[in-house]
Each structure stands twice: as C-alpha cells, then as structure tokens.
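Here is how the chains run, residue by residue.
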Amino acid sequence: MTAQDTPAASPTKRVLAVVLFNLLVYIVIGLPNAVLTIFVHQGLGYSTTVAGITFSLQYFATFAARPSAGRLVDRIGPKPVVIGGLVTCLLSGLLVIGSGLLAATPLLSLGVLLSSRLLLGWAESWAATGVIVWNIRRAGAENTAIAISWNGICSYGGIALGAPIGAKLSMLAAPYGGLVSVGILSVALPLFGLALIGFYPAVKPIPSTSQPIPFSRALRLVLPHGSALAAGSIGFGAISSFLALYYSVLHWEGAATALAVFGFTFVVIRFFFASQIAKRGGVFVAIVSLLVEALGLATLCIFQTPSAALVGAALTGAGFSLLFPALGVLAVNSAGPENRGAALGAYSIFIDLAIACSGLFLGQVIEFAGYRTMFATTAICCLGGVLISRSLGRRTA
C-alpha cells in the first residue's frame, strides 16, 4: 500500500497518484498538434481535407475503442486497461518516427502516419477510461467530480504542454528533426509510465449481481448529456485541427503559443471553478460554458488579427473546460456503480465522434468558404448545445 492509499490520504491525493498516466498519454497526443496538419498539407502536399482527416482519425479510433475500454474496465479492473493504453501509445510513437523517416515518399509516409493515429486513438480511450474509473474506486463515488476534473486537467494540460514542445522539436535539424524527434519523445513517455505503473496497487472490479448492461443501453442513458457535449466538442476540434494551419496560411507566428493558451485557460478554469458543478448544478455550468466557448469562436471569426486569435483561443479553452465534467457526473452515475465503465465509455463517445467528424466536415468548410465561416459554424454548434442543455435541465427538474 502506497502513501497515497492510506486511509488518511485526501481524495485529491489519491486521484493525483494515478492521473499521471493520463498526463503522459495526453502529452504524446499534444506533441504533433502544432505540426501534424502542416506536415500533411505542406510537407507531403495533400489537401486541407486530407490533413483534417489525418488529425481526426485518432478520434475515430478513440470512438471505436470506447465500448471495449468500458467493458474491460468493468470486467477485469482498470489497471490492466491503463497498461494496454500505454503499450499502444508506445507503438504509435514508433510509427510517427517511421512516418518522419519516410517523408520523401508521401503516400507511404501518410499511410504510416494514419496507422499511428489509429493506435493513438485506441491508447487515449483505454488510458482515459481506465484512469477515471481507477480514481473513482480509489477516491470513492462521492468524489466522482474530482476524479473527472483532475483527469481533464491532466488531459488538456498535457495537450497544452505537448504542443509547444512538439513545435520546438520539429525545428531540429535532420536527421532527428520534424516528426522523427516528436516520435522519439512519444516513445519515451509511455515507456516511463510502464516502468512506473508496476508500483501501483490494482483495484478489483465491482462484483455485479446482475448482467452488465448492454452498451446500447448505456448509450441511451447518456444520450442527452452526450449530445450537449458533442455540440461543444466541435469547437475544440476546430482549435486542435486547424488553428496551427490557420496561423500558417495567414503567415503569423505563434501557433504553438495559441494552442498553449487554449490549454492553459482550460486547466486554470478546471482547477479553480470545478467546485461550481456541485454548487450550481451540471446543467447550469454546461450552459455558461457553451456560451463562453461560442464567444471565443465568434472572436476568431470576426477579428482576424493575431491578438484576437489568442483571445479567441483563451475563451474557447475557458468555455470548453467544464463541459465534460459538468454533464459527465450525471452521465457516469446513471448506470449504477458496477457499470460506470460502460456509462463513461458511452458518454465519451460523443466527444470522440464530434471531434472526428469535425476534421472532415470543417476541412471542407474551409476549402469552400474559408476559415471565418468555419469558426462561425462551430460557434453556432455551441449555441445548439445551449438549447440541448436547457432541455436537459427541464427533464432533470
């Protein structure tokens, strides 16, 4: 038993001890964010739609892996699932190295990179689902909001940390510059996690007196919460997929800084204001969050300057910050303690699918109507999420 597992340990300390593994995976996810679409579009010569699909493929894989992650967590416990996520993350990093080395052969390089994105999406699903349920078990069901909130802090904090590091690594001279250097660090981080996780005690799955609920049933239970989450996640997809390319097209410096600002405001809001979910209710916090996110995306649409882009990225990060835990606490508890993995996997599918589809859909919007229309479209989606959340509030009442 570790120091964090003693009866005197606070729920936050129990959560922080395990959420490190999620942080490592999300740093790996963030590393290529400022360079991936540029590499595909400008380095390999493919269209913005192909660049967007390459980015979004990770989230299609995450979407596909959610059911298996939830079932395995409920059946064998969260620790083995987290280990599987770290191993898959390591394999993804190896393929990133291969894609960078094959840049002179665009088609082959793209194929290897697409395979890497698939594995990274699978790693994200298993690691995130496993860590959240592991922490709910360690901290107690009454501290579900703490477990989800800290998971998000490490998730998007990892992305914010990884993006500028990846941008710097990509500037290194050959043969270790570009995607190769990004891939090397993408291998080292999960290796560190695998070396560390053996020292952590596992928790057993909760025995169930009835059959686990089918995934389709879990999906129906969380449908209203997930729909509102999806509406706000499209804005996150726009920032993650196309903000760096937006800066490049306008010949601005500082794309990695803008991505870091997005992640920084996300973390700050989550850290200082997550307690408002318990005080004011998840529906109220979700509505406010979606309105702030819509304001940030509208700023990116209306004011086409580098300073306005930073403000827009900051507001978008602040708005998106509390959306997942605000509705997630209700969603995760809707299926009972023995089915939390299934409920979490079903709820998380909505963010995966929204971000995955945004890469394809928003890339085409950019090609036919430009970046301003793309940002306006995402702001309207957030306002649609406000309407869904209001409807959910009436149902809850």
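See the structure printed just above.
Throughout what follows, the structure given in this document is the object of discussion. (Residues numbered from 1 in each chain as written. Predicted model: local features only at pLDDT ≥ 70, side-chain atom pairs only at ≥ 80, totals over all residues. Heavy atoms only, no water.)

Comments concerning the overall build of the protein chain
Inclusion rule: Helix numbering and strand numbering both begin at the N terminus, where a helix is a DSSP run of H or I of at least 4 residues and a strand a DSSP run of E of at least 2. Using C-alpha atoms as the atom set, the radius of gyration is obtained and then compared with a globule rule of 2.2 Å times the number of residues to the power 0.38. The buried label goes to any residue with under 20% of its type's maximum accessible area, the exposed label to any with over 50%, and the partly exposed label to all in between, with areas taken from a 1.4 Å probe on protein chains only. For this analysis, residues touch if any pair of their heavy atoms sits within 4.5 Å. Accessible surface is estimated by sampling points in the Shrake-Rupley manner with a 1.4 Å probe; for residues, cover comes only from the protein chains shown. Lys and Arg are tallied as positive, Asp and Glu as negative. Neither His nor the chain termini are counted. Charge positions are represented by NZ for Lys, CZ for Arg, CG for Asp and CD for Glu.
Helices and strands together make up the secondary structure of the protein chain, namely 16 helices and zero strands. Its C-alpha atoms give the protein chain a radius of gyration of 20 Å, within 12% of the compact-globule value 21 Å for 397 residues. Considering the protein chain as a whole, with its 397 residues, one finds that 58% of them fall into the buried category. The contacts in the protein chain between residues at least 6 apart in sequence include a share of 84% that link residues at least 24 apart. Per element, the accessible surface of the protein chain, about 15,100 Å² overall, is 71% carbon and sulfur. Each charge class in the protein chain can be summarised by its mean position, and for the 21 positive and 9 negative side chains these summaries are 7 Å apart.

Quick look at unusual backbone geometry
Notably, His251 is not glycine yet its phi reads approximately 60°, a positive angle. Mapping His251 onto the fold places it in the loop between helix H9 (223–249) and helix H10 (255–273). According to the relative accessible area criterion, His251 is exposed, its value standing at 72%.

Re the environment of Cys357
Topologically, Cys357 is positioned in helix H15 (residues 340–369). Along the sequence, Cys357 and Leu219 sit 138 residues apart, while their C-alpha atoms lie 19 Å from each other.

Quick notes on the packing of aromatic side chains
Convention followed: Working definition: rings of Phe, Tyr and Trp (its six-membered ring) pair if their centres are within 6.5 Å, and the pair is stacked with planes under 30 degrees apart, edge-to-face with planes over 60 apart, and tilted otherwise.
What the rule picks out here adds up to 15 aromatic pairs. Note on Trp134 and Tyr200: the rings are 6.4 Å apart at their centroids and 70° apart in plane angle, and the pair reads as edge-to-face. Of the two residues, Trp134 is situated in helix H5 (residues 106–139) and Tyr200 in the loop between helix H7 (179–197) and helix H8 (215–221); the sequence distance between them amounts to 66 residues. Of the two residues examined, Trp134 and Tyr200, each falls in the buried class. Between Phe324 and Tyr347, the ring centres sit 4.9 Å apart and the planes meet at 55°, which makes this aromatic pair tilted. Here Phe324, found in helix H14 (residues 323–332), pairs with Tyr347, found in helix H15; they are 23 residues apart in sequence, far enough to count as distant.

So, H7
For clarity, the cut-off: Expected helix span is given by 1.5 Å per residue-to-residue step, counting one fewer step than there are residues.
With 19 residues, H7 should cover 27 Å at 1.5 Å per step; its first-to-last C-alpha distance of 27 Å lies within 8% of that length. Along H7, the residues classified as buried are Leu179, Val180, Ser181, Val182, Gly183, Ser186, Val187, Leu189, Pro190, Gly193 and Ile197. In this structure, the buried side of H7 is in contact with helix H1 (11–30), helix H2 (36–43), helix H4 (78–101), H5 and helix H6 (144–170).

Notes on the side chain of Ser92
Mapped onto the elements of the fold, Ser92 is located in helix H4. Those residues in contact with Ser92 that lie beyond four places of it in its chain are Ser116, Leu119 and Leu120.

Considerations on H9
Between its terminal C-alpha atoms H9 stretches 38 Å, which fits the 39 Å expected from 27 residues at 1.5 Å a residue. Of all 27 residues in H9, 23 are buried, a share of seventy percent or more. Downstream of H9 by a residue or two, His251 has a phi angle that is positive, lying close to 60°.

Remarks on the nonpolar core
Generally speaking, soluble globular proteins have nonpolar side chains that are buried together. Selection criterion: Joining through side-chain atoms within 4.5 Å is the link that ties buried Ala, Val, Leu, Ile, Met, Phe, Trp, Tyr and Cys residues into a set, and such a set is a nonpolar core.
By size, the foremost hydrophobic cluster in this structure holds 124 residues, and its most contacted members are Leu243, Met374 and Phe375. For Leu243, the residues in contact, after removing those within four places along its chain, are Ala238, Ala258, Leu259, Leu300, Ala313 and Phe375.

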